[in-house]
Amino acid sequence: MKFSTLVSATALAVASTAFAGAAQARDQVQIAGSSTVLPYASIVAEAFGENTDFPTPVVESGGSSAGLKKFCTGVGENTIDVANASRAIREKEIKACAENGVADIIEVRIGYDGIVFASQKDGPAFTAFTESDWYNALAPKVLKDGKIVDNPYNNWAEFNSDLPNVEIAAFIPGTKHGTREVFEEKVLAVGCEKTGALKAMIDSGMSEDDAEDACIAVRTDGKSVDIDGDYTETLARIDSNPNGIGVFGLAFYENNTDKLKVATMDGIEPTTQTIADGEYPVSRPLFFYIKKAHIGVIPGLKEYAEFFVSDEIAGPDGPLAQYGLVSDPELAATQASVSNEQTMGQ
C-alpha cells in the first residue's frame, strides 16, 4: 500500500501547491539526524559542494529519532529535506509523517556499520565481552542463584572473573539515538535470554511483553550513563575515566585508535569484513530518508542523493569506506531506487 493513501488527496494537494510556490527561498539541502551517519553525510556534503554547481548541504546531528521527528513535521521550505538514521524508520514515525503531509518517503540504505565496545588504550584489559556480560553489568535486575534480584554487581569481575576487577562505568547512547535501539535488541535482550533471566521473569508470572521490556531496561544508580550527544562526548567521558567503557560505531573507533582499544563480542573482532559477512553479531544498516515532495523544488536534492550512493562515493573503494563504512553489496539496487524516486511501499 502506498503511504499517500494514509493522507487525503486534498491535504496533499494543498501542501504541495503551497510548498512549490514558497520553497524557492531556500537553495540548500537541509539534513538532520543520526550522529553515526553524520560523518558520512558531512563527507558527502562537502564533496558535493566542491564538485557540483549546487551549494553545500547543511548537515546537523541530534540522533536518529530527533532527526526523523523533524523530518515528519511537514512539507515545505521550513522543514528538512533528509533525515539520517542508524536504524530503519518505525511504523509510528511513518504514520506521524503521513498525518503531517509527508506521504511519499524514499528510503536509502547507504551501507553497514558495527557497534563496538571500546575503552582507554592504556586502561584496564577490556578485550572480550559477551552479551551476558553487558546484561549483568547494566540491568536493574539480574538472575542470581536462580532468582531475579536487584543488580548487586559493582565490578565487572563479580560476574565474570575474566573481566577486569574495576568498577562498572558504562557510557551508552541515549534513547534518542538509533544506536541505542540496536544496543538494546542485539546486546541487552540477547544477554537477558542467554543468562536465563528472561525465562525466570516469565516463570515468575510476568507477561512476555513485560519481561522483554525489563530485559532492555538499564540501571539508574550511575553505573550506566546515557550520552545524548555524539561519540565525541562518549570519548571525552572515557578520557576522564580510565575505567570507563563506551559504545561506539566502528568507524568512529577506527578513526580514534590512538586513544581507544576495542573488545571482541562473542569472540569475534569487529572489522569491516566480519560486519560485511554477518559474523560480528552487533551490526546494523545505515539509512537516510528523503521527502519526495521536495525533489524538483529544493535545488540539488535528488542530485545529492545520487551522488551519495554513487560507486565513487559509497562503493568499496570510495571515501566512505575509507572512513569506515561497510559498503552495501546491493548498492546498485539502491542507486536504481534513488534514480527512479521509488518510495516506500512501492
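Please read all numbers here as calculations on a predicted model, not as lab measurements.

A.B. asks: For the layout of surface pockets, give the residues involved together with the corresponding values.
C.D. replies: Within this model, the largest pocket holds a volume of roughly 220 Å³. E107, V108, R109, F287, E330, A333, T334, S337, Q342, T343 and M344 together form the lining of the largest pocket. Secondary structure elements with two or more residues in the lining of the largest pocket: β4 (105-120) and α15 (331-339). Residue classes in the lining of the largest pocket are distributed as four nonpolar, four polar and three charged.

A.B. asks: Outline a negative patch on the surface, supporting the account with residue identities and numerical values.
C.D. replies: Residues E193, E208, D209, D210, E212 and D213 make up a contiguous surface patch of negative charge. If one sorts the elements of the negative patch by residue count, helix α8 (residues 208-215) sits on top with five residues. For D210, the location among the structural elements is in helix α8.

A.B. asks: Would you mind going over the pattern of salt bridges in detail, with residue names and values included?
C.D. replies: This structure, assessed with the given rule, holds 19 salt bridges. For D328, the salt bridge goes to R109, with nearest N and O atoms at 2.6 Å. Here D328 is found in the loop between α14 (319-323) and α15, whereas its partner R109 is found in strand β4, with 219 residues between them in sequence. Assessed through its relative accessible area of 4%, D328 is described here as buried. D226 is the salt-bridge partner of R180, the closest N and O atoms lying 3.1 Å from each other. Linking R180 in helix α6 (residues 178-195) with D226 in strand β9 (residues 224-227), this pair joins segments that are 46 residues apart in sequence. By relative accessible area, which is 5% here, R180 ends up buried.

A.B. asks: Break down the nonpolar core for me, with residues and values.
C.D. replies: Grouped together as the largest cluster of nonpolar side chains are 51 residues, with contacts concentrated most on F117, F129, W134, L138, W156, F183 and F248. Per-element accounting of this core gives the leading share, five residues, to α6. Counting 30 residues, the second largest nonpolar core, distinct from the first, contains I290, I298, F308 and L320.

A.B. asks: Tell me what's going on with empty space enclosed by the protein, and back it up with residues and numbers.
C.D. replies: Overall, the coordinates contain one cavity of 30 Å³ or more when judged by the stated rule. In this structure, the largest cavity spans a volume of roughly 70 Å³. S35, F171, I172, P173, H177, T179, I227, G229, D230, Y231, T234 and V247 are the residues that line the largest cavity. Those elements giving two or more residues to the lining of the largest cavity turn out to be β8 (170-173) and α9 (231-239). When residues in the lining of the largest cavity are grouped by element, the largest group, three residues, is from β8. Residue composition of the lining of the largest cavity, by class: six nonpolar, five polar and one charged.

A.B. asks: Outline α9, supporting the account with residue identities and numerical values.
C.D. replies: Listed in full, the buried residues belonging to α9 are Y231, T234, L235 and I238. All buried residues of α9 lie within an arc of 100° about the axis, which places them on one face of the element.

A.B. asks: Residues and numbers for the side chain of N151, please.
C.D. replies: Looking at the element boundaries, N151 is found in the loop between β7 (147-150) and β8. Taking relative accessible area as the criterion, N151 reaches 13% and is therefore assigned buried. A polar atom in the side chain of N151 sits 2.7 Å from the backbone oxygen of A139. With sequence-adjacent residues up to four places away left out, N151 is seen in contact with N136, A137, L138, A139, P140, K141, V142 and R219.

A.B. asks: Let's hear about helix α2 (residues 38-51): which residues, and what values?
C.D. replies: The end-to-end C-alpha separation of α2 is 20 Å, in line with the 20 Å expected for 14 residues at 1.5 Å each. Residues of α2 that are buried: L38, Y40, A41, V44, A45, A47 and F48.

A.B. asks: Let's hear about the packing of α2 against helix α12 (residues 301-308): which residues, and what values?
C.D. replies: Where α2 contacts α12, the axes come no closer than 10 Å and their chain directions differ by 115°. The handedness of the crossing between α2 and α12 comes out as right-handed. Seen from α2, the contacting residues are Y40, A41, V44, A45, A47 and F48; seen from α12, they are E303, Y304, F307 and F308. Class assignment of the residues belonging to the contact of α2 with α12 gives a composition of nine nonpolar, no polar and one charged.

A.B. asks: Break down the packing of aromatic side chains for me, citing the residues and quoting the values.
C.D. replies: Taken as a whole and assessed by the stated rule, the structure comprises 22 aromatic pairs. Ring centres of F48 and F54 lie 5.7 Å apart, and the angle between their planes is 5°; on these two criteria the pair is classed as stacked. Note on F48: relative accessible area 1%, which makes it buried. Classification of F54 as partly exposed rests on a relative accessible area of 26%. Pairing F126 with W156 gives two aromatic rings, centres 5.5 Å apart and planes at 70°, and the pair type is edge-to-face. Here F126 is found in the loop between β4 and β5 (128-129), whereas its partner W156 is found in the loop between β7 and β8, with 30 residues between them in sequence. Take F126: its relative accessible area is 1%, and that puts it in the buried class. On the basis of relative accessible area, W156 is assigned to the buried category, the value being 0%. The rings of F117, F126, F129, W134, Y153, W156, F159 and F183 are connected pair by pair, giving a single aromatic cluster. Cation over ring: K291 sits above F71, and NZ or CZ is 5.2 Å from the ring centre.

Basis of the calculations
Residues numbered from 1 in each chain as written. Predicted model: local features only at pLDDT ≥ 70, side-chain atom pairs only at ≥ 80, totals over all residues. Heavy atoms only, no water. 1 Å grid on protein atoms, 1.4 Å probe; cavity = no way out; pocket = protein on both sides within 12 Å on 5 of 7 lines; lining within 4 Å. Points joined across faces, edges and corners; volume = space filled by probe spheres on them. Helix = DSSP H or I, 4+ residues; strand = E, 2+ residues; numbered from the N terminus. Nonpolar A, V, L, I, M, F, W, Y, C, P; charged D, E, K, R; others polar. Patch = residues over 30% accessible without salt bridge, like charges linked within 9 Å, V, L, I, M, F, W, Y side chains within 5 Å. Areas by Shrake-Rupley, 256 points an atom, 1.4 Å probe, with all protein chains shown as cover. Salt bridge = Lys/Arg side-chain N within 4 Å of Asp/Glu carboxyl O. Lys, Arg positive; Asp, Glu negative; His and termini not counted. Charge placed at Lys NZ, Arg CZ, Asp CG, Glu CD. Buried < 20%, exposed > 50% of the residue type's maximum accessible area, 1.4 Å probe, protein only. Core = buried A, V, L, I, M, F, W, Y, C linked by side-chain atoms within 4.5 Å. Arc of directions from axis to C-beta. Polar contact = N/O pair within 3.5 Å; in protein donor to acceptor, adjacent residues only side chain to side chain. Contact = heavy atoms within 4.5 Å. Expected span 1.5 Å × (residues − 1). Axes fitted to C-alpha atoms, helices over the stretch in contact; angles between N-to-C directions. Left-handed = near helix turned anticlockwise from the far one by under 90°. Phe/Tyr/Trp six-rings, centres within 6.5 Å; stacked < 30°, edge-to-face > 60°. Lys NZ or Arg CZ within 6 Å of the ring centre and 35° of its normal.

This is a description of form; function is not addressed.
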